[in-house]
Amino acid sequence: MSTTGAVVLTLLVLAASGVVPVLLAVGPRLVALPLLPLAGALCCGVAAVSEIALFGSLLLWFVLWAVGAFVVSAVVLVTHPALRQRRRRQLAALRHGVRPLLVIGGVAVVAATVPMLWSLKVPSVGFDTRAIWMLHARWLSHGHTFALAAIRNRFLVVSHPGYPPLVSSVMAFAWRLTGTSSARVGVVMVALVNACALFVAGWGIIEVARRGAVRLHAGQRGQQLVLAAGVLVAALTVLVAGGVVGLFATNGYADVLWSFTAVAAVVFGLVLPPTPSNLAVTALLLGVTGLTKVEGIAVAGVFVILIAVRVVVRRQGRPWVPIAGAAAAIVALLVWPLLTIIAGVPSDPSISGQRDGSLSSRAHSTISAMWPHLHVVVLALVCSVLGGLFLRAVRGRLGLANDLWPWVALIGATAVLAGAYVFGPGNVELWLATSVNRTTIFEALLAWWIVALWALSGVAGASLLERAQVPTRKPAAP
Amino acid sequence: MKPWLRAAVAAVVGLLAIVGIALTAVHAARSESHLATPALVHSATQSDAYFECLSTQAHSLVSAHDIVYLPKPTLANWVTLTKVIGGWVRLTLRPASSTVALALLHSTRGATCQGDYLVTIRRQSGGRALISRGRS
């Protein structure tokens, strides 16, 4: 099978596996479309964990988990008539048509994602892709016995066998499903899953504009202006994101996927209202984040706690529901790290051994290395200060959460990542030189998204001018 | 604050943010077009060909049932060999439990993968060793 055929078939199967659970949890929203392959990828990751922990093959576990999710969703639909009716009403509302600007928005975000994929013209397979992700994918494609032996093999410690399996499982799934086990198929699959995640993050901005335009009460023209600004800002921010990630989007590295899903999780979980649908989107995104990279697990854990706090603060009564949900999410995020401990996976050389240098010198090196990648934080800070002083009311009318939430997420994630460099083992200069351009992707992207949300708030505030002037106009002479 | 002043400040914040994003987006779109230059395509193709060639050599020397020992590799060779065979054979740290030893060598003669080639050493009956060179 050709690379294109193999990739299209895999993407369709991944998407098909997620249709019913995603539509049930998220509802018939446009954001559900790019979430389908991501849900399939999450199913692959969970299947890989099951394959290593228990028995069988990746394909077997993928089918079991996909069928299980389908059955559970069907049972929930049957036993919850209110949910069924709500989804039916939403589908009926869709039949009345979608706003043309939203369709244009979808097309614009897809078009803005394309430049990121231009570098697929280069048949590049990254160093770590071959040494880590593709190697793990080969292990997973051989079944339980081989995969378990491989991740426990001390001789293979240079390939970081304890890294989470989602990206590798998507590659292995594509190979096993299509019988085309080329490096190219694996790399292109990861690039397309990255593109889906970027679409979700970009769509989050349009979602903010869509909701805000209605709540703003700025008149028909004001609504159109905010929606149009949302489309423009989303498309431009997605273009920026493509530039931030560069070749890492298309050479099979895992850093881009967790960064995109984490940014999207901040938008849907900490900026937009915490409706069940938005929380379902967030849960799926954090699942992908936590099964993609080790730092993704830590950052997803921080976000789960933040989202739980936000929901508890907003919610009237029954605080144990979000607390129990957060506890379950934390337990789910810890399954992979616990499995690596129980299975006796050899310690990752980058997170074991002696620490070189003093804490202060390591902190200085870390800040010096991270800073060149995070200049955008200054722009985000300026926008946040000005916006906080003059646009808080507009932000509130847009229905957006306080800007402090994404900032706490940004600071929390930066603390986790910088803390690993400062308190971690080994030679920090070498560690930073080989990784800081990738580990700072998430922080840079989140800062851009903060800027984008203030851009929207600014346009929304300006659109209120006309409305504010209406009462001051003198009535025309008879 | 008067409504028109509030709206003006909002416009300034919106404009500042949009201009910042737009300028960076233009820069990003330009730099992305430089990520697919012929030089990069050539380099990536060479790298693919190198690993494809080593993989073919490895398959000509080692079977999936073998337990492979790598005799004192450098870090670079260790990583390269892991990439080539680590996904389909078992590797061991103990020569005694291996069925074959595999090494990555460099030469300008014979069939090589951009100057590198693989060699295996197998124990034969009678204590003899069979040395084989990879075919690509």
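Numbering of residues starts from 1 in each chain and follows the order in which that chain's sequence is written. Here chains are named by letter from A upward and ligands by number from 1 upward, in the order in which they appear as written. In keeping with the predicted nature of the model, local features appear solely for residues at pLDDT of at least 70, side-chain atom pairs appear and are counted solely at 80 or more, and the whole-chain, interface and lining totals rest on all residues.

(A) Representation of the overall build of chain B. Numbering of helices and strands runs from the N terminus; a helix is a DSSP stretch of H or I covering at least four residues, while a strand is a stretch of E covering at least two. Looking only at helices and strands, chain B features 3 helices and 5 strands. Listed N to C, the secondary structure of chain B is α-α-β-α-β-β-β-β in terms of helices and strands. Using C-alpha atoms as the atom set, the radius of gyration is obtained and then compared with a globule rule of 2.2 Å times the number of residues to the power 0.38. Compactness check: chain B gives a C-alpha radius of gyration of 28 Å against a globular reference of 14 Å for 136 residues, more than 25% above the reference. By principal-axis analysis of the C-alpha atoms, chain B measures approximately 100 × 35 × 25 Å. Here a residue counts as buried when 20 or more other C-beta atoms fall within 10 Å of its C-beta, as exposed when 12 or fewer do, and as partly exposed in between; the C-beta atoms come from the backbone. When burial is assessed residue by residue, chain B has 31% of its 136 residues classed as buried.

(B) Structural detail: the sheet that holds strand E1 (residues 67-69) of chain B. Residues and elements named next belong to chain B. Strand order in the open sheet formed by 5 strands is E2-E1-E3-E4-E5, with mixed pairing between adjacent strands. For this open sheet the edge positions go to strand E2 (90-92) and strand E5 (129-133), each flanked by a neighbour on one side alone. Taken pair by pair, the neighbouring strands of this sheet meet at an average axis angle of 35°, ignoring direction. Following DSSP output, two strands are said to pair if at least two bridges run between them. Where E1 and E2 come together, 3 bridges link them in parallel fashion. Paired with Ile67 across the two strands is Arg90, which belongs to E2. Running at roughly 15° to strand E4 (residues 116-123), helix H2 (residues 38-61) makes contact with E4 and E5 of the sheet. Fitting a line to C-alpha atoms yields each axis, with helices limited to the stretch in contact; the angle taken between N-to-C directions then spans 0 to 180 degrees. Residue pairs qualify as contacts under a 7 Å threshold applied to their C-beta atoms, which are placed from the backbone.

(C) Structural view of the interface of chain A and chain B. With 49 residues of chain A in contact, the opposing surface of chain B contributes 44 residues. Of all the secondary-structure elements, those providing two or more residues to the side of chain A that touches chain B are helix H5 (100-118), helix H6 (127-141), helix H10 (219-245), helix H16 (376-390) and helix H20 (441-469) of chain A. Of all the elements, H20 of chain A adds the most residues to the side of chain A that touches chain B, at 11 residues. Put simply, Ala, Val, Leu, Ile, Met, Phe, Trp, Tyr, Cys and Pro go in the nonpolar bin, Asp, Glu, Lys and Arg in the charged bin, and everything else, Gly too, in the polar bin. Taken together, the residues that form the side of chain A that touches chain B break down as 34 nonpolar, 11 polar and 4 charged.

(D) Spatial organisation of unusual backbone geometry. Positive phi values are uncommon outside glycine, yet His160 of chain A reaches one of about 50°. Backbone geometry at Gln114 of chain B places phi at a positive 50°, although glycine is not the residue there. Tracing the backbone shows Gln114 of chain B in the loop between strand E3 (100-106) and E4. A tally of 12 C-beta atoms within 10 Å means that Gln114 of chain B is categorised as exposed.

(E) Examining the packing of helix H13 (residues 294-314) of chain A against helix H18 (residues 404-423) of chain A more closely. Residues and elements named next belong to chain A. The geometry of H13 relative to H18 is characterised by a closest axis approach of 10 Å and an angle of 150° between their N-to-C directions. Of the possible angle classes, the one that applies to H13 and H18 is roughly antiparallel. In this structure, H13 meets H18 at a crossing whose hand is right-handed. Two secondary-structure elements touch here, H13 through Glu295, Ala298, Val299, Val302, Phe303, Leu306 and Arg310 and H18 through Trp405, Val408, Ala409, Gly412, Ala413, Val416 and Leu417. Within the contact of H13 with H18, the residues separate by chemical class into 11 nonpolar, 1 polar and 2 charged. For classification purposes, angles smaller than 35 degrees are called roughly parallel, those larger than 145 roughly antiparallel, those between 65 and 115 roughly perpendicular, and all remaining angles oblique. The crossing is said to be left-handed when, going from far helix to near helix, the turn is anticlockwise and less than a right angle, and right-handed when the turn is clockwise.

(F) Seen up close, the pairing of E3 of chain B. Residue and element names in this part refer to chain B. Here E1 runs beside E3; their pairing, made up of 2 bridges, is parallel. Paired with Val68 across the strands is Val100, a residue of E3. Where E3 and E4 come together, 6 bridges link them in antiparallel fashion. The residue bridging Leu102 from the neighbouring strand is Thr120, located in E4.

(G) Quick look at helix H9 (residues 183-215) of chain A. For a helix, the expected span equals 1.5 Å multiplied by the residue count minus one. Across its 33 residues, H9 of chain A extends 49 Å between first and last C-alpha, which sits within 8% of the 48 Å expected from 1.5 Å per residue. Of all the 33 residues making up H9 of chain A, 29 are buried; the element is thus mostly covered by neighbouring parts of the structure.

(H) Broad picture of the confidence of the model for chain B. On average, residues of chain B score 89 in pLDDT, and 99% of them reach the 70 mark or higher. Here the complex is predicted with pTM 0.93, and the ipTM for its interfaces comes to 0.90. pLDDT measures the predictor's confidence residue by residue and takes values from 0 up to 100.

(I) How the structure looks around H6 of chain A. Residues and elements named next belong to chain A. In this model, H6 (15 residues) spans 20 Å end to end at C-alpha, consistent with the 21 Å of a helix rising 1.5 Å per residue. The largest bend along H6 reaches roughly 30° and is located at Met134. Here H6 lies mainly inside the structure; 13 of its 15 residues are buried. Positive backbone phi, at 95°, marks Gly143, one or two positions downstream of H6. Bend, at a single residue, is the angle you get between axes fitted to the 7 residues ending at that residue and the 7 residues starting at it.

(J) The environment of Ser132 of chain B, seen in detail. Residue and element names in this part refer to chain B. Along the chain, the position of Ser132 falls in strand E5. Of the residues examined, Ser132 has 14 C-beta atoms within 10 Å and is grouped as partly exposed. Among all residues touching Ser132, those that are not within four sequence positions of it are Leu61, Val119 and Thr120.

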